[in-house]
Amino acid sequence: MKFFCDDNLGKLAKLLRAAGYDTLFYRTIRDGELISRALKDKRFIITRDRGLIGRGAPEDAVLLIEGDNPDEQFEYVILQMNLHPEYERWLTRCIECNNVLCVVNRKDYVEQIPPYVYKTHDEFYRCPGCERLYWKGTHHKRLTERLGERFRK
Ligand SMILES: [Zn+2]
């Protein structure tokens, strides 16, 4: 299941990526381009803009959502699309650019990792796009809280 969040749903896009879902989001994108790219890629369009359907998006390719709260939007998407976020896939994607993260050896990045984190974590991941490093620290804890125990297997 792949998604394309419209330009108002950046926080929701990050949550979906954090849960392992391939999700595109661009701060500025024209409706026509969003629709054609989503269709080409077979992505569900997530939007608050009902008008998108009138502008060429097929109704069955659009998930309309309401509300401003990203956590609630995320929960709504999970329920509506009947998703089952698998714990193993959490934090396998860069939340900033959607690339799949690579497992890296912490020794190769010792200068970029805070000493305390280096000492207390074994697993590190790196985004091949923006080069951001990830570990199962605060991000992971926050995500676990957000996804809630009920999604955990
Ligand atoms: Zn990245």
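Not measured: the values here are computed from a predicted model.

Below, the discussion takes up helix H4 (residues 70-80). Turning to H4, its buried residues are Gln 73, Phe 74, Val 77 and Ile 78. Buried positions in H4, seen along its axis, are confined to an arc of 140° and lie on one side of it. At its buried positions, H4 is contacted by helix H1 (10-18), strand S3 (44-47) and strand S4 (62-64). Just downstream of H4, Asn 82 is the residue with a positive phi angle, here 55°.

To continue, consider the nonpolar core. One finds Phe 3, Cys 5, Leu 12, Leu 16, Ile 45 and Ile 46 to be the most contacted residues of the largest nonpolar core, which totals 28 residues. The set of elements that each furnish at least two residues to this core consists of strand S1 (3-5), H1, helix H2 (31-41), S3 and H4. The greatest single-element share of this core, amounting to five residues, is contributed by H1. Not counting the four nearest positions on each side in its chain, Cys 5 is found in contact with Leu 12, Ala 13, Thr 23, Phe 25 and Ile 46.

On to the domain arrangement of the protein. The domain boundaries assigned to the protein delineate domain 1 (3-88) and domain 2 (96-151). Relative placement of domain 1 and domain 2: their C-alpha centres are 25 Å apart.

As summarised here, the arrangement of the four strands in space is S2-S1-S3-S4, forming an open sheet in which the pairing is parallel. Both edges of this open sheet fall to strand S2 (23-25) and S4, since each of them pairs with a single strand only. Each strand axis lies, on average, 25° off the axis of its neighbour in the sheet, ignoring direction. Contacting S1, S2 and S3, H1 crosses the sheet at an angle of about 155° to S2.

Reading across the sheet, the three strands line up as S5-S6-S7 and stay open at both edges, with antiparallel pairing between neighbours. With one partner strand each, in any of the chains shown, strand S5 (102-104) and strand S7 (133-135) form the two edges of the open sheet. Taken pair by pair, the neighbouring strands of this sheet meet at an average axis angle of 40°, ignoring direction. In this structure, strand S6 (residues 124-126) lies alongside S7, joined through three bridges in antiparallel fashion. Each bridged residue has a counterpart across the sheet, and for Arg 126 the counterpart in S7 is Leu 133.

Each value, and the rule that gives it
Residues numbered from 1 in each chain as written. Predicted model: local features only at pLDDT ≥ 70, side-chain atom pairs only at ≥ 80, totals over all residues. Buried ≥ 20, exposed ≤ 12 C-beta atoms within 10 Å, placed from the backbone. Helix = DSSP H or I, 4+ residues; strand = E, 2+ residues; numbered from the N terminus. Arc of directions from axis to C-beta. Contact = placed C-beta atoms within 7 Å. Core = buried A, V, L, I, M, F, W, Y, C linked by C-beta atoms within 7 Å. Domains from an automatic or database assignment. Pairing = 2+ DSSP bridges. Axes fitted to C-alpha atoms, helices over the stretch in contact; angles between N-to-C directions.

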